[in-house]
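Results of the structural survey
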Amino acid sequence: MFHKITERELLLKTEEFIQSEFENDGSGHDWWHIYRVRNMALQIAKQEGGDLFLIEMSALLHDLDDWKINTELHPQKTENWLCKLNIENLQISKILDIIEQVSFKGAGVETKANSLEAKIVQDADRLDAIGAIGIARTFAFGGNKGRLIYHPEITPELHQSFAEYKKTTAPTINHFYEKLLLLKNRLNTKTAFAIAENRHTFMEDFLTRFFAEWEGNM
Ligand code: ADP
Ligand code: NI
C-alpha cells in the first residue's frame, strides 16, 4: 500500500514540474499535449496491460528533452529530474529507454518500440499527432516556425534519415505526407489502431477540402 502512495506522489510532483516547464509553448508541445498523451496512454494500457507507473511517468516526461529544444539525444533534463525524485536506477533506465523510443524520426527510419510500455507511450503520442488535434498542432508548429501553409511546387519528401527529417523547412501541408498519414500503419497496439482509423479519415477529408478550396472548387 505504502509503495502505491509513493508512486502517486512521484507522479503528482512530476505533473506539477512538467506543467510549469511547458506553460508557454506555442509549438503544439504545450502542457495539454502532455496531458492528452498521458491520459491516452493510460486508456490504451487499460486494454493492453503494461506497468502503469512506467507508462504514466514516461508519458509525462516524454517531451522534456525534445530534439527540437535540446539537440542531444540523451535525455539529460529527464534523467536529472528522475534522480532528484530518488527513483531507483533500474526504474530510471527503463523510463529513459521508453522516452528515447517515442519520437518519429522520418518516413524511412524504423522506430520499433522494444517493450509494451514503450509501444503504448509511442502510440499515445502518435494519436495526438493525427485527427483534429493533429491538424491543429501541425499548423501551430508551422506558424511557430514561420513556415508557409502550402506551396504547390514544393513536394513532400520521404526522409531516409533523422538528420534529413530534422532539417526540413517545408510548408506545413507537406508534413501530412512526410509523417501524419504514415502513422496509422505504424502503430503498435490494436487499441490505438482502432482509435486512429477515424482520425486518419478525418485528415484525408481535410486535405481533400483544402486542395479543392485552394483551386476555388468548393
Ligand atoms: P514526435 O512526437 O514523434 O517526437 P515531434 O515532437 O517532432 O514528433 O512532432 C510533434 C508534432 O509537431 C507533429 O505531430 C506535428 O504536429 C508538429 N510538427 C513537427 N514537425 C513538423 C513540421 N516539420 N511541420 C509541421 N508540423 C510539425
Ligand atoms: Ni509528444
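Our subject is the structure that appears above.
Everything in this summary refers to the structure shown in the same document. The model shown is predicted, which means the values in this text are computed figures rather than measured ones.

A short note on the nonpolar core
The biggest cluster of nonpolar side chains holds 54 residues, and the ones touching the most others in it are Ile18, Met57, Leu61, Leu82, Ile87, Leu127 and Phe176. Those residues in contact with Ile18 that lie beyond four places of it in its chain are Trp31, Ile34, Leu60, Leu61 and Leu64.

Observations concerning the site of ligand 1
As a matter of local geometry, ligand 1 sits amid 16 residues, with His29, Ser103, Phe104, Asp125 and Thr138 nearest to it. A total of 550 Å² of accessible area belongs to ligand 1 in isolation, and the protein chains cover 97% of it. For the shell around ligand 1, the element with the highest residue contribution is helix 7 (residues 131-144), accounting for 3 residues. Taken together, the residues of the shell around ligand 1 sort by class into 5 nonpolar, 5 polar and 6 charged.

Focus on the pattern of salt bridges
All told, the structure shown has 7 salt bridges when counted by the stated rule. Of the charged contacts, one joins Glu15 and Arg38 as a salt bridge, the two residues approaching to 3.0 Å between their closest N and O atoms. Residue Glu15 is found in helix 1 (residues 2-21), and its partner Arg38 is found in helix 2 (residues 31-48); the two are separated by 23 residues along the sequence. Residue classification places Glu15 among the buried positions, given a relative accessible area of 18%. We note a salt bridge from Glu21 to Lys77, for which the minimum N-O separation is 3.2 Å. Note that Glu21 is positioned in helix 1 and Lys77 in helix 4 (residues 76-84), a separation of 56 residues in sequence. A cluster of three or more residues bridged by salt bridges with shared partners is formed by Arg8, Glu15, Arg38 and Glu56.

As for unusual backbone geometry
Within the chain, Asn86 stands out as a residue other than glycine whose phi angle is a positive 65 degrees. Here Asn86 shows up in the loop between helix 4 and helix 5 (89-100). Given the relative accessible area of 69%, Asn86 is considered exposed.

Section: the coordination of the nickel ion (ligand 2)
Put simply, a metal with four donors set out as a tetrahedron has ideal angles of 109.5 degrees, and one with six donors set out as an octahedron has ideal angles of 90 or 180 degrees. Around the nickel ion (ligand 2), the donor atoms from the protein are His33 (NE2), His62 (NE2), Asp63 (OD) and Asp125 (OD), and they sit 2.1 to 2.3 Å away. Taken together, the 4 donor atoms surrounding the nickel ion (ligand 2) define angles of 86 to 171 degrees at the centre, an arrangement classified as irregular. Summarised as a motif, the one-chain spacing of the donors to the nickel ion (ligand 2) is H-x28-H-D-x61-D. With His33 in helix 2 and His62 in the loop between helix 3 (52-61) and helix 4, this residue pair connects regions lying 29 residues apart in the sequence. For His33, a relative accessible area of 0% puts it in the buried group. Exposure remark for His62: the relative accessible area of 5% places this residue in the buried category.

Topic: the environment of Ile34
Structurally, the position occupied by Ile34 is in helix 2. It is 24 Å that separates the C-alpha atoms of Ile34 and Thr201, two residues lying 167 residues apart in sequence.

Observations concerning the packing of helix 7 against helix 10 (residues 190-214)
Contact geometry for helix 7 and helix 10: axes closest at 7 Å, N-to-C directions at 55 degrees. In this view, helix 7 runs oblique relative to helix 10, as classed from their interaxial angle. Each of Gly131, Ala132, Ile135 and Phe139 in helix 7 lies in contact with helix 10, whose residues at this interface are Arg199, Phe202, Met203 and Phe206. The residue inventory of the contact of helix 7 with helix 10, partitioned by class, reads 6 nonpolar, 1 polar and 1 charged.

As for the packing of aromatic side chains
How two aromatic rings sit relative to each other is set out by the distance from centre to centre and by the angle between their planes. Taken as a whole and judged by the stated rule, the model has 13 aromatic pairs. Plain terms: the ring middles of Phe210 and Phe211 are 5.6 Å apart, the flat faces sit at 85 degrees to each other, and that makes the pair edge-to-face. Owing to a relative accessible area of 16%, Phe210 belongs among the buried residues under this scheme. One aromatic cluster is present, built from ring pairs that chain together Phe139, Tyr150, Phe176, Phe206, Phe210, Phe211 and Trp214. Its guanidinium or amino end placed over the ring of Phe162, Lys105 lies 5.6 Å from that ring's centre, counting from NZ or CZ. A cation over a ring is seen here: Lys166 above Phe162, with NZ or CZ 5.0 Å from the ring centre.

Reading guide: rules and limits
- Residues numbered from 1 in each chain as written.
- Chains lettered and ligands numbered in written order.
- Predicted model: local features only at pLDDT ≥ 70, side-chain atom pairs only at ≥ 80, totals over all residues.
- Heavy atoms only, no water.
- Core = buried A, V, L, I, M, F, W, Y, C linked by side-chain atoms within 4.5 Å.
- Buried < 20%, exposed > 50% of the residue type's maximum accessible area, 1.4 Å probe, protein only.
- Contact = heavy atoms within 4.5 Å.
- Near = heavy atom within 4 Å.
- Areas by Shrake-Rupley, 256 points an atom, 1.4 Å probe, with all protein chains shown as cover.
- Helix = DSSP H or I, 4+ residues; strand = E, 2+ residues; numbered from the N terminus.
- Nonpolar A, V, L, I, M, F, W, Y, C, P; charged D, E, K, R; others polar.
- Salt bridge = Lys/Arg side-chain N within 4 Å of Asp/Glu carboxyl O.
- Donors = N, O, S within 2.8 Å, 3.2 Å for Na, K, Ca; no water.
- Tetrahedral: all angles 85-135°; square planar, octahedral: opposite > 155°, others 65-115°.
- Axes fitted to C-alpha atoms, helices over the stretch in contact; angles between N-to-C directions.
- Parallel < 35°, antiparallel > 145°, perpendicular 65-115°, else oblique.
- Phe/Tyr/Trp six-rings, centres within 6.5 Å; stacked < 30°, edge-to-face > 60°.
- Lys NZ or Arg CZ within 6 Å of the ring centre and 35° of its normal.

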